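Examination of the molecular architecture
Residues per chain, in single letters:
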Amino acid sequence: MASAPSHANRRNAVRFDLLEDLQMDRLQFSRQILQKELGISTNQLDYLFAFPGKKIFEVIFTTTQHYESCLEKFEKKKSAPSFRRITISPLADIDLKTVHVMIFSERVRNQDVWTWMARYCEVINAMEVMDIDGIKTGTRRFQVRLIRRQGALQHLPNTIQLGAFRGSVFYPGQPKECRKCGSLDHLAAACTMDVCRNCKALDHTTAHCPTPVKCNLCSSANHRFKDCPQAYSNRLKLSTLRSAVSLSQEVMSEIPDDDQAPIPHANQVQQGSWKLNISLLQDEKVVSEFRVKLNHWLSLKPFFNLAGEWWEEMKIRAKRFFIDWGKRTAKKRRLKLQKHKAKLQRFYMMSYSGLMWQRI
Ligand SMILES: [Zn+2]
Ligand SMILES: [Zn+2]
Ligand SMILES: [Zn+2]
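Residues numbered from 1 in each chain as written. Chains lettered and ligands numbered in written order. Predicted model: local features only at pLDDT ≥ 70, side-chain atom pairs only at ≥ 80, totals over all residues. Heavy atoms only, no water.

Comments concerning the overall build of the protein
Counted only if it meets this: Going along the chain from the N terminus, every DSSP run of H or I of four or more residues is numbered as a helix, and every run of E of two or more is numbered as a strand. Each residue is placed in one exposure class: buried if its accessible area under a 1.4 Å probe, protein chains only, is under 20% of its type's maximum, exposed if it is over 50%, and partly exposed if it falls in between. Whether two residues are in contact is decided by their heavy atoms: any pair within 4.5 Å suffices. We get accessible surface area from the Shrake-Rupley algorithm with a probe of 1.4 Å; when it comes to residues, only the shown protein chains can shield them.
When helices and strands are tallied, the protein shows eight helices and ten strands. The 360 residues of the protein split such that 35% are buried. In the protein, of all internal contacts separated by at least 6 residues, the share reaching a separation of at least 24 is 58%. Surface exposure of the protein reaches about 22700 Å², of which carbon and sulfur atoms provide 54%.

Okay, structure coming up:
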């Protein structure tokens, strides 16, 4: 279990940093930036901490709603001249949610619920909930990070449907929506709209919908859930899965009892045209971060019905991990090169204008 971040309990808190030579005193920041530019009224502000140096401010809002609206306003204004040298960072990790998905059918695969969840948010942890006698309850518990678009949290739907099976999705802070029409103003029992349940249009009923039914696992219009290539039952048919099962068993048996998790060989993480950049494995930092990740991924294994399903997911994660690292190192190298180039250019300019080169 990863330790909770130290700022986990800082609800409704954001930090502002003034960059470059920008400085403000507390009242100036409050009136000019918060109240005037961002349109925040004083009754929305619970605390305003001004740290020494006139460059760092922490703002605590009275409600989560005000906190959210501040993030959204800032996102809209951040390219304006007055905000060019100001950054904002949320201190409350309210993007992290514990989500319960309840489906009363033994025929729904955990893998499919996972795939469905990953469409809407970043899945961090998953487990099947059992009662104290160890009997499964039909509820899956996920730890997720919600996605933000233009500063606004993207919430999960209230219901999940996989083929013929429906279930409910809930977490603290989730907006309650009407199951029929998706409105946030009323619930399904009070809904007066005659909405097509397939495409949400008002001018026809579900039975007369001209839009083809979408796959409710991957939202493709070309097939239904039962034919979805991402659905577990169809993935099982793929021969690759069989080899993945034996491969994962092989890998599992290689894992020693101590904390030292194995480092993958190139052929174990490659998929499609992607190939592991072996030089990354020479980097101590990459290796130790990968070990931490792998230990976390190993803890997810019980959630999956088969080792092979877990392995499919882990291959994707390992691939993403190494691609991200590859990108990061490439970016670092590029920045270094740019810096050298700028230095050379400055040197050239100085010699050109007849100046003595002393210190660059
Ligand atoms: Zn409605
Ligand atoms: Zn329709
Ligand atoms: Zn599909």
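Notes on the sheet that holds strand β1 (residues 13-18)
Selection criterion: Pairs of strands are assigned from DSSP output, requiring at least two bridges between the strands. Inter-axis angles, ranging from 0 to 180 degrees, are taken between N-to-C directions of lines fitted to C-alpha atoms, where helices are fitted over the stretch in contact.
Taking strand neighbours across the sheet as the criterion, the four strands line up as β2-β3-β1-β4 in an open arrangement whose pairing is antiparallel. Strand pairing shows two members of the sheet lacking a second neighbour, β2 (45-50) and β4 (86-90), which therefore form its edges. Across the sheet, the axes of successive neighbouring strands diverge by a mean angle of 20°, strand direction being ignored. Examined bridge by bridge, β1 and β4 share five bridges and lie antiparallel to one another. Bridging across to β4, Leu-18 finds its partner in Ile-86. Across the sheet, helix α1 (residues 26-37) is in contact with β1, β2, β3 (56-61) and β4; its angle to β2 comes to roughly 130°. Most of the contacts of helix α2 (residues 64-77) go to β4, to which it runs at about 145°, and overall it touches β1, β3 and β4.

Quick word on the UniProt feature "domain: CCHC-type" (unreviewed entry) in the protein
Put simply, the test is: UniProt positions are given in the numbering used here, feature names are shortened, and annotations may be inferred rather than shown by experiment.
Per the UniProt annotation, the sites labelled "domain: CCHC-type" (unreviewed entry) are residues 177-193, 195-211 and 214-230. With 0% helix and 0% strand, residues 177-193 has end C-alpha atoms that lie 13 Å from one another. Each end of residues 195-211 is marked by a C-alpha atom, and these two atoms are 13 Å apart; helix forms 0% of the span and strand 0%.

Description of the coordination of the zinc ion (ligand 3)
Selection criterion: For Na, K and Ca the donor cutoff is 3.2 Å, while for all other metals N, O and S atoms must lie within 2.8 Å; water is not among the atoms, so some sites may look incomplete.
Coordination sphere of the zinc ion (ligand 3), protein contribution only: Cys-215 (SG), Cys-218 (SG), His-223 (NE2) and Cys-228 (SG), at 2.1 to 2.3 Å. Sequence positions of the donors to the zinc ion (ligand 3) reduce to the motif C-x2-C-x4-H-x4-C. Look at His-223 and you get buried, because its relative accessible area is 17%.

Some details on the nonpolar core
Formally: Among the buried residues, those of types Ala, Val, Leu, Ile, Met, Phe, Trp, Tyr and Cys that are joined through side-chain atoms within 4.5 Å form a nonpolar core. Where a domain begins and ends is set by an automatic assignment or by a domain database.
Of all hydrophobic cores here, the largest spans 41 residues; its most connected members are Val-99, Val-101, Val-113, Met-117 and Phe-142. Sort the elements by how many residues they give to this core and helix α8 (residues 307-352) lands first, with seven residues. Each of domain 2 (96-236) and domain 3 (239-325) contributes no fewer than three residues to this core. Once residues within four sequence positions are removed from consideration, Val-113 is found in contact with Val-101, Ile-103, Val-108, Arg-140, Phe-142, Ile-160 and Leu-162. Counting 21 residues, the second largest nonpolar core, distinct from the first, contains Ile-33, Leu-38, Val-59 and Cys-70.

Some remarks on the side chain of Ser-105
To keep things clear, this is the line we draw: Throughout this description, a polar contact denotes any pair of N or O atoms lying within 3.5 Å of each other; where both atoms belong to protein, one of them has to be capable of donating a hydrogen while the other can accept it, and for residues adjacent in sequence the pair is counted only when both atoms sit in side chains.
Within the element layout of this structure, Ser-105 appears in the loop between β5 (96-102) and α3 (110-120). By relative accessible area, which is 14% here, Ser-105 ends up buried. For Ser-105, the side chain forms a polar contact with the main-chain nitrogen of Arg-107, separated by 3.1 Å.

Focus on the pairing of strand β10 (residues 165-170)
In terms of strand pairing, β5 meets β10 through three bridges, oriented antiparallel. Bridge pairing in β10 links His-100 to Phe-170. Note: strand β9 (residues 159-162) against β10, four bridges, orientation antiparallel. The residue of β10 that forms the bridge with Gln-161 is Arg-166. Taking the residues that link successive antiparallel strands as the turn, the β9-β10 hairpin has two residues, and the phi of Gly-163 there is positive, at about 60°.

Focus: helix α7 (residues 284-299)
Just so we agree on the cut-off: For a helix, the expected span equals 1.5 Å multiplied by the residue count minus one. To be clear, the arc concerns the directions from the helix axis to the C-beta atoms.
With 16 residues, α7 extends 23 Å between its outermost C-alpha atoms, agreeing within 8% with the 22 Å of an ideal straight helix rising 1.5 Å per residue. Listed as buried for α7 are Val-286, Val-287, Phe-290, Leu-294 and Trp-297. For α7, the buried positions fall inside an angular range of 90° around the axis, keeping them on one side. Of the residues in α7, the exposed ones pointing more than 90 degrees away from the buried face are Glu-284, Lys-285 and Val-292.

Thoughts on the side chain of Gln-174
For Gln-174, the position within the fold is in the loop between β10 and α4 (232-237). A distance of 3.4 Å separates a polar side-chain atom of Gln-174 from the backbone oxygen of Pro-157. Among the polar contacts made by the side chain of Gln-174, one reaches the side chain of Lys-176 at a distance of 3.3 Å. Apart from the residues within four sequence positions on either side, Gln-174 is in contact with His-155, Leu-156, Pro-157, Asn-158 and Val-169.

Section: α2
An α-helical turn contains 3.6 residues, so a residue and the one three or four places further along point in the same direction. In this model α2 runs 20 Å from its N-terminal to its C-terminal C-alpha over 14 residues, within 8% of the 20 Å that 1.5 Å per residue would give. Residues of α2 that are buried include every one of Tyr-67, Glu-68, Cys-70, Leu-71 and Phe-74, and no others. End-on view of α2: buried residues confined to an arc of 155°, all on one side of the axis. In α2, the exposed residues that point more than 90 degrees away from the buried face are Gln-65 and Lys-76. Residues of α2 that are buried make contact with β1, β3, β4, β7 (136-149) and β8 (152-154).

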